[in-house]
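Descriptive structure summary
Each chain, letter by letter, is given below.
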Amino acid sequence: MSTKPDLLVVSPWYHVAMKELEDHFTVHKLWKTDDKAGMLAAIADSCEAIAGASICGADIMDALPKVKVIAHHGVGYDGVDVATATARGIKVSNTPDVLSDEVADFALGLLLATCRKIPHADRYVRAGKWESEGNMAFTTRVHGRKVGILGLGRIGIEIARRCEAFKMDVAYHTRSKRDVPYTYYDDLAAMARDVDFLIAIVPGGDSTKHMVNRVVLDALGPDGVLINVARGSVVDEQALIEALRDGRLGAAGLDVFDQEPKVPQALKDMTENVVLQPHQASATHETRLAMGRLVMENALAGLAGKPLITPVN
Ligand code: NAP
Ligand code: 8YV
């Protein structure tokens, strides 16, 4: 019999990092079994650690009453019921910092792709249109424009630095003003009115739900561009579809959606002014390995009764 402690993994992450997990734990992969209740019942008396990349609710905590630590894979932990975990004395961790540069790189890439129509241009060449129709229509400039960043935390500040390097005029909206050389707006719609691009990078959850609503999208306007690398819930998706469809918003680059991996057909149909990505801002080999290792270190610390490396509660 294995002497390694049991660990439940709710949903998968990078296989190389998951393999390292097996050096330390007997890993039970919940997403792989058709008999979830059976798997949970079999480890109910022994499993003290949970890890996962998406949802961890009270139902799983109910099924595993011995759990001491939930090591979440991701900096955003809106899918974890932290209130229930805290009430039960369960420690929760996330994976901050190790992905900030990656996500910031990607946000700038998505902004460039959306404004300069890089995916469209690729399709244009492949379809033979360069030869048959000549040069593609002009696109719009990125450098020197005004950008508003919704959320100026660990990732937002890295996005701001990159925008500065692109000679942009940087503004931000958060609940508390920071000591940074960027223009602060305490009102999101006012910031949206003043900028060309709005980049969302706040956490998900109730306090940010549908912050980017019709009023904000209309303030951004017909030449405005929305980039969402935060959470699908931050943007009112129906209002976004209507604004794009009616020409009240110029374009959008989206890495996250309300019902992932489902993406509304209306957005898929908008091939000219929308760039769609499969929630991949942090998804490089290097960063996913660092995230996976941080999950592992947190789970090991939690089981050893030590302080977590990156605690949430
Ligand atoms: P962070 O360091 O906690 O920063 C969060 C920022 O959002 C802070 O500046 C905070 O400032 C602001 N904020 C929070 N609630 C707000 C509200 N209600 N209104 C206005 N501003 C608010 O988090 P982070 O590490 O930068 O990560 C941010 C989020 O990015 C994550 O939670 C996750 O959802 C998302 N993310 C997405 C991907 C992806 O793959 N697309 C990857 C990584 C992260 P105040 O507290 O002053 O308001
Ligand atoms: C991951 C993320 O794709 O860290 C986050 O909050 O959204 C991404 O880095 C996600 O957590 C799945 O692991």
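Refer to the preceding data block for the structure.
Numbering of residues starts from 1 in each chain and follows the order in which that chain's sequence is written. In the order they appear in the text, chains get letters beginning with A and ligands get numbers beginning with 1. Given that the model is predicted, a residue must reach a pLDDT of at least 70 before its local features are reported, and side-chain atom pairs must reach 80 or more before they are shown or counted; all residues, however, enter totals for whole chains, interfaces and linings. As a rule here, side-chain values come from all non-hydrogen atoms in the structure, and water together with hydrogens is ignored.

1. Describing the site of ligand 1
Defined as follows: Whether a residue is near a molecule or strand is decided by its heavy atoms; if any one of them lies within 4 Å of it, the residue is near. Polar contacts here mean pairs of N or O atoms no more than 3.5 Å apart (in protein, one a potential hydrogen donor and the other a potential acceptor; neighbouring residues in sequence count only if both atoms are side-chain atoms). Surface accessibility follows the Shrake-Rupley procedure with a 1.4 Å probe radius. Residue values consider only the protein chains on display as shielding.
Around ligand 1 lies a shell of 27 residues, among which L152, R154, I155, R175 and S176 are the nearest. L152 places a polar main-chain atom, nitrogen or oxygen, 2.9 Å from an oxygen atom of ligand 1. Contact between ligand 1 and G153: an oxygen atom at 3.0 Å from a main-chain N or O atom of the residue. Compared with its free state, where it exposes 930 Å², ligand 1 has 87% of that area covered by protein.

2. Regarding the site of ligand 2
Inclusion rule: All amino acids are sorted into three groups, where Ala, Val, Leu, Ile, Met, Phe, Trp, Tyr, Cys and Pro are nonpolar, Asp, Glu, Lys and Arg are charged, and the leftover types, Gly among them, are polar.
As a matter of local geometry, ligand 2 sits amid A53, H73, G74, V75, G76, L99, R231, H279, S282, R288 and M291. Within the side chain of H73, one N or O atom sits 2.8 Å away from an oxygen atom of ligand 2. At 2.8 Å, a backbone N or O of G76 approaches an oxygen atom of ligand 2. For the shell around ligand 2, the class distribution of residues is four nonpolar, five polar and two charged.

3. A short note on the sheet that holds strand β1 (residues 6–9)
Picture the strands of a sheet paired through backbone hydrogen bonds; they go either parallel or antiparallel. Rule in force here: The pairing criterion for strands is at least two bridges between them, as found by DSSP. Going along the chain from the N terminus, every DSSP run of H or I of four or more residues is numbered as a helix, and every run of E of two or more is numbered as a strand. Only the stretch in contact is used when fitting a helix axis, every axis being a line fitted to C-alpha atoms; angles between N-to-C directions are given from 0 to 180 degrees.
Reading across the sheet, the five strands line up as β2-β1-β3-β4-β5 and stay open at both edges, with parallel pairing between neighbours. Whereas interior strands pair on both sides, the edge strands pair on one side only; in this sheet they are β2 (26–29) and β5 (91–93). Direction aside, neighbouring strands of the sheet carry axes that sit 20 degrees apart on average. As paired strands, β1 and β2 are joined by four bridges and run parallel to one another. Counted as the bridge partner of D6 is T26 from β2.

4. Thoughts on the environment of G134
Which entries qualify depends on this criterion: Summary of the burial criterion: residues with accessible area below 20% of their type's maximum are buried, those above 50% are exposed, and those between are partly exposed, where the area comes from a 1.4 Å probe applied to protein chains only. Working rule for contacts: check all heavy atoms of both residues, and any pair within 4.5 Å makes them a contact.
As for its position among the elements, G134 is in the loop between α7 (129–133) and β6 (146–150). The exposure class of G134 is partly exposed, given its relative accessible area of 25%. As for G134 and R178, which are separated by 44 residues in sequence, their C-alpha atoms are 49 Å apart. Once residues lying within four places of it in the same chain are set aside, the contact partners of G134 are Y124 and K129.

Everything listed is a geometric property; what it means functionally is a separate question.
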